[in-house]
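Read off the chains here:
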Amino acid sequence: MQVDQPVLGFYALNGTSVAYFTEKQTKEEICTAFEQVRAENPERNILLILDNFSSHTCEYTRNRATELGIDLVFLPVESPHLNPIEPLWKSLRWEISPIAVSSSEEFCSLVR
């Protein structure tokens, strides 16, 4: 079974990492992911590095991040090589690509 499931990842250098699965990457879903990151890291300083996807950069998202005490840094356009989570995704794809899953839920569990 091939699974195409959008996931937002927060890779914590110190703290708790979060994998948030969503149907679409709307501004509301991005903010829900921010809330989950904050809930998992209540007393930590949080700095999120994001690309320039419209749901990441919109005022709604920026305001919610500020309310949650999350600092945002936006990468220059067309620079995924600067995004520190990209090597993690590459490694994860390498590790789980030979594993067959029978459901989307099994896939999400494996990623977590």
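Parameters and conventions
- Residues numbered from 1 in each chain as written.
- Predicted model: local features only at pLDDT ≥ 70, side-chain atom pairs only at ≥ 80, totals over all residues.
- Heavy atoms only, no water.
- Helix = DSSP H or I, 4+ residues; strand = E, 2+ residues; numbered from the N terminus.
- Buried < 20%, exposed > 50% of the residue type's maximum accessible area, 1.4 Å probe, protein only.
- Contact = heavy atoms within 4.5 Å.
- Areas by Shrake-Rupley, 256 points an atom, 1.4 Å probe, with all protein chains shown as cover.
- Core = buried A, V, L, I, M, F, W, Y, C linked by side-chain atoms within 4.5 Å.
- Patch = residues over 30% accessible without salt bridge, like charges linked within 9 Å, V, L, I, M, F, W, Y side chains within 5 Å.
- Salt bridge = Lys/Arg side-chain N within 4 Å of Asp/Glu carboxyl O.
- Disulfide = S-S within 2.5 Å.

Engineer: How should I be thinking about the overall build of the protein in this particular structure?
Structural biologist: Scanning the protein for helices and strands turns up 5 helices and 4 strands. Listed by position from the N terminus, the elements making up the protein come as β-β-α-β-α-α-β-α-α. Relative to its 112 residues, the protein shows a buried fraction of 33%. Considering only intrachain contacts with a sequence separation of at least 6, the fraction spanning at least 24 residues in the protein is 53%. For the protein, the accessible surface area stands at approximately 7600 Å², while carbon and sulfur atoms represent 51% of it.

Engineer: For this particular structure, what's the right way to read the nonpolar core?
Structural biologist: Across soluble globular proteins, nonpolar side chains have a tendency to be buried as a group. Ranked by size, the top nonpolar core spans 15 residues in total, and within it Phe-10, Phe-34, Ile-46, Leu-48 and Ile-70 carry the most contacts. Taken together, the elements giving at least two residues each to this core come down to strand E1 (7-10), strand E2 (18-21), helix H1 (27-40) and strand E3 (46-50). A per-element tally of this core places H1 first, with 4 residues.

Engineer: Would you explain a nonpolar patch on the surface in this entry?
Structural biologist: A surface patch of nonpolar side chains, about 230 Å² in accessible area, is lined by Leu-47, Ile-49 and Val-73. The exposure class of Leu-47 is exposed, given its relative accessible area of 51%.

Engineer: Please explain the state of the cysteines as it appears in this structure.
Structural biologist: Working definition of a disulfide: a covalent bond connecting the sulfur atoms of two cysteines. Throughout the structure, instances matching the rule amount to 0 disulfides. Note on Cys-31: no disulfide assigned, nearest cysteine sulfur contributed by Cys-58 at a separation of 6.7 Å. Taking the relative accessible area as the measure of exposure, Cys-31 reaches 3% and is therefore buried.

Engineer: Would you explain the pattern of salt bridges in this entry?
Structural biologist: Two side chains with opposite charge may pair up if their charged atoms get near one another. Taken as a whole, this structure holds 2 salt bridges when the rule is applied. A salt bridge links Arg-64 to Glu-35; the nearest nitrogen and oxygen atoms lie 3.0 Å apart. Placement of Arg-64 in helix H3 (residues 59-67) and of Glu-35 in helix H1 is noted, with a sequence separation of 29 residues between them. As a salt-bridge pair, Glu-67 and Arg-64 come within 2.9 Å of each other at their nearest N and O atoms. Placement of both Glu-67 and Arg-64 in helix H3 is noted, with a separation of 3 residues, approximately one turn of the helix. Since its relative accessible area comes to 24%, Arg-64 is described here as partly exposed. Through salt bridges that share partners, Glu-35, Arg-64 and Glu-67 make up one connected network.

Engineer: Can you walk me through the side chain of Thr-61 in this structure?
Structural biologist: Tracing the backbone through its elements, the reader meets Thr-61 in helix H3. Overall, the relative accessible area of 0% leaves Thr-61 in the buried class. Look past the residues within four positions of Thr-61 in its chain and what remains in contact with it is Lys-27, Ile-30, Cys-31, Phe-34, Ser-55 and His-56.

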